[in-house]
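As a plain string of letters, each chain reads:
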Number of protein chains: 2
Amino acid sequence: MAQTDTVTRILDTAEVLFAERGFAETSLRTITSKAKVNLAAVNYHFGSKKALIQAVFARYLDPFSERFHQALDDLELHYRGEPIPLEVLLETLARTVLEVPAERNSLKVFMRLLGLAYTQAQGHLRRYIQEHYGNVFSRFSDLVRRATPELPEAERFWRLHFMLGTVIFTLSGLDALRDIADKDYHEHVSVRDLIRRLRPVVVAGMQAPLPDDALKVAG
Amino acid sequence: MAQTDTVTRILDTAEVLFAERGFAETSLRTITSKAKVNLAAVNYHFGSKKALIQAVFARYLDPFSERFHQALDDLELHYRGEPIPLEVLLETLARTVLEVPAERNSLKVFMRLLGLAYTQAQGHLRRYIQEHYGNVFSRFSDLVRRATPELPEAERFWRLHFMLGTVIFTLSGLDALRDIADKDYHEHVSVRDLIRRLRPVVVAGMQAPLPDDALKVAG
DNA sequence: AATTGTTTAAAACATTCGTTTATTCCACGC
DNA sequence: GCGTGGAATAAACGAATGTTTTAAACAATT
């Protein structure tokens, strides 16, 4: 049990702490003491703190990447060259995102980490993710392009990230928001509730009219 | 020139560095050396690094709060009890946000800072902002309620935060996103461009049809 | 011009960080 | 059995951090 136990213990503890406080604000000493492993274990097993951060992401993104590619394969087979509708693409993305961490019961952590990847400095992380998972995003992006031919190239890019922001912000701040919502409206929301509420908003956002003077792009 | 110069020199330098790297990743030594003031000056004039962070925010949020209250006063006077339309409220909010840092020629910095306030740990910052500027948000929130009576209470709450997520995520991850956008589309976007693109998306999101089975709430 | 209070300057202080080293432990194969 | 190699441990290292201290320079007031 030796190695496996220590490595996963570190990863389990690190991902929670990273999600709670960010990367720079989480020291290796905090991680190792909470995980009840030796301080040097991180550098021994992972090499450095940077490598640990990347490993935390890989544990989520590797299964996600595989499953999502598989799901897109199925879709492309089914639609046989026809453009896949935007709703179907978003639905598939949402389902895959929900499936992956469901096994680990930590959707919230996964979302927080995704948010941090965009927000925190950590240039190495962006490079790592881009390098390892850029093709998944590219593939999805291409399919969305075919589903929304009326959108100018740049506009689609930005709207995709707008919607990404909506989802990540909401789900990563879920606890805080849920506290407020519970207190003010006495109505408890589940993650599934939230996603049900998110769907029409995201679709409407993607299909919103073009900004007033986007002429230079729209040609 | 003595005090004023040193204090504003520190603030000017700090806000740029904070916006670029975040709070924890920016050391006082980096700030003071770049600002060409003594290291101890920060602790002398502000008391601590935390207080410096708060001071950086206050320099933006104090004028913003004042202007926004004034703008809402004008609106309420003009609409004389009638509900103020949602588009007008959002427009006013956006205009005020744009006006404040325009004088200091640093809209991007202001936006990044707003994003960091939500994103970074810094519990003291959230408490400070809540305490000093919470009433502005409450007032705006009430006006939005009157502008969207058709929305169930909880639905409006969530959508407001969806849209907040869109804006904050986009603006706080601006550099990262801009890097990608520059590389892929060779088109440089300004913050003003982004806000122009954001508007129709936010409006459409707020006015999206209700989710399929929100019946229990809609009554 | 002397004095007072304020600001700047240089240095040191006490922590904390990531990383490395040296040692011990322990399981496994010969 | 023993030795060997991978893994855990304890300790220390060097660098960087926020903060404090002490002294000097300065401005303003009387």
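In case you missed it, the structure is sitting above this.
I will try to describe carefully the structure that is included in this document. (Residues numbered from 1 in each chain as written. Chains lettered and ligands numbered in written order. Predicted model: local features only at pLDDT ≥ 70, side-chain atom pairs only at ≥ 80, totals over all residues. Heavy atoms only, no water.)

### Side note on the interface of chain B and chain A
Stated precisely, the cut-off is as follows: Any two residues having at least one pair of non-hydrogen atoms within 4.5 Å are treated as being in contact. A quick way to say it: buried area is the sum, across both parts, of accessible area lost when two parts are put together, with a 1.4 Å probe. The working definition used for a salt bridge is a side-chain nitrogen of Lys or Arg within 4 Å of a carboxyl oxygen of Asp or Glu. Counting of polar contacts relies on pairs of N or O atoms within 3.5 Å, with two restrictions inside protein: one atom must be capable of donating a hydrogen and the other of accepting it, and residues adjacent in sequence are counted only when both atoms are side-chain atoms. Secondary structure follows DSSP: runs of H or I at least 4 residues long count as helices, runs of E at least 2 residues long count as strands, and numbering of each begins at the N terminus.
Taken together, the contact between chain B and chain A spans 52 residues of the former and 49 residues of the latter. Together, Trp158, Phe162 and Phe169 of chain B form the three largest contributors to the area buried by chain B at its contact with chain A, with a combined 17%. The tally of links from chain B across to chain A stands at three salt bridges. With its nearest N and O atoms 2.5 Å apart, the salt bridge here joins Glu155 of chain B to Arg197 of chain A. Inspection of the region where chain B meets chain A yields three residue pairs in polar contact (both at pLDDT 80 or more). Sorting the residues of the side of chain B that touches chain A by element identifies α6 (107-119), α8 (153-172), α9 (174-185), α10 (191-206) and α11 (215-218) of chain B as the ones contributing at least two each. Here the side of chain B that touches chain A gets 16 residues from one element, more than from any other, and that element is α8 of chain B.

### Observations regarding the side chain of Arg197 of chain A
Mapped onto the fold, Arg197 of chain A is located in helix α10 (residues 191-206). With residues near it in sequence (within four places) discarded, Arg197 of chain A still touches Glu187 and Val189 of chain A together with Ala154, Glu155, Trp158, Phe162 and Pro211 of chain B.

### Quick look at the relation of the copies chain B and chain A
Rules: Here the copies are superposed with least squares, the fitted atoms being C-alpha atoms of residues at a pLDDT of at least 70 in both.
When chain B is fitted onto chain A, the two copies agree to an RMSD of 1.5 Å after a turn of 178 degrees and an axial shift of 0.7 Å. Each copy turns onto its partner about a two-fold axis. No C-alpha of chain B approaches the rotation axis more nearly than that of Thr166 of chain B, which lies at 1.7 Å.

### Some details on the pattern of salt bridges
Test applied: Burial classes follow relative accessibility: with a 1.4 Å probe on protein chains only, a residue under 20% of its type's maximum area counts as buried, one over 50% as exposed, and anything between as partly exposed.
Using the criterion set out here, one finds 27 salt bridges over all chains in the structure. Between Asp142 of chain A and Arg145 of chain A there is a salt bridge, and its shortest N-O distance comes to 2.7 Å. Of the two residues, Asp142 of chain A and Arg145 of chain A are both situated in helix α7 (residues 123-147); the distance of three residues between them amounts to about one turn of the helix. Across the pair Arg139 of chain B and Glu76 of chain B runs a salt bridge whose closest N-O atoms are separated by 3.0 Å. Here Glu76 of chain B lies in helix α4 (residues 49-79) and Arg139 of chain B lies in helix α7 (residues 123-147), a separation of 63 residues in the sequence. With a relative accessible area of 18%, Arg139 of chain B lands in the buried category. When salt bridges with common partners are traced through the structure, they connect Asp142, Arg145, Glu153 and Arg156 of chain A into a single cluster.

### Focus: the packing of helix α4 (residues 49-79) of chain A against helix α6 (residues 107-119) of chain A
Residues and elements named next belong to chain A. We apply this condition: Convention adopted: a line fitted to C-alpha atoms gives each axis, helices being fitted over their contacting stretch, and angles between N-to-C directions are expressed from 0 to 180 degrees. Geometric relationships in this document are graded by angle, where less than 35 degrees denotes roughly parallel, more than 145 denotes roughly antiparallel, 65 to 115 denotes roughly perpendicular, and other angles denote oblique. Handedness of a crossing follows from how the near helix is turned relative to the far one, being left-handed for an anticlockwise turn of less than a right angle and right-handed for a clockwise one.
One way to put it is that α4 packs onto α6 with a least axis distance of 11 Å and a crossing angle of 120 degrees. With respect to each other, α4 and α6 are oriented oblique. The handedness of the crossing between α4 and α6 is left-handed. Residues Val56, Phe57, Tyr60 and Leu61 of α4 form the contact with α6, whose participating residues are Val109, Phe110, Leu113, Leu114 and Ala117.

### Re the nonpolar core
Applied cut-off: The term nonpolar core refers to a set of buried residues drawn from Ala, Val, Leu, Ile, Met, Phe, Trp, Tyr and Cys, joined through side-chain atoms within 4.5 Å.
In terms of nonpolar packing, the biggest core is built from 138 residues, with Phe18 and Leu52 of chain A together with Phe18, Leu52, Phe57 and Leu89 of chain B touching the most fellow members. In terms of residue count, the dominant contributor to this core is α4 of chain A (12 residues). When near neighbours in sequence (up to four residues on either side) are disregarded, Leu89 of chain B contacts Leu72, Leu75, Ile84, Phe140, Leu143, Val144 and Ala147 of chain B.

### Describing the packing of α6 of chain A against helix α8 (residues 153-172) of chain A
Residues and elements named next belong to chain A. Using the following cut-off: Polar here means any residue outside two lists: the nonpolar Ala, Val, Leu, Ile, Met, Phe, Trp, Tyr, Cys and Pro, and the charged Asp, Glu, Lys and Arg; Gly therefore counts as polar.
One way to put it is that α6 packs onto α8 with a least axis distance of 8 Å and a crossing angle of 130 degrees. Compared by their axis directions, α6 and α8 come out oblique. The interaxial crossing formed by α6 with α8 has left-handed handedness. Note on element contacts: α8 touches α6 through His161, Leu164, Ile168, Leu171 and Ser172, opposite Lys108, Met111, Arg112, Leu114, Gly115 and Tyr118. For the contact of α6 with α8, the per-class residue count stands at six nonpolar, three polar and two charged.

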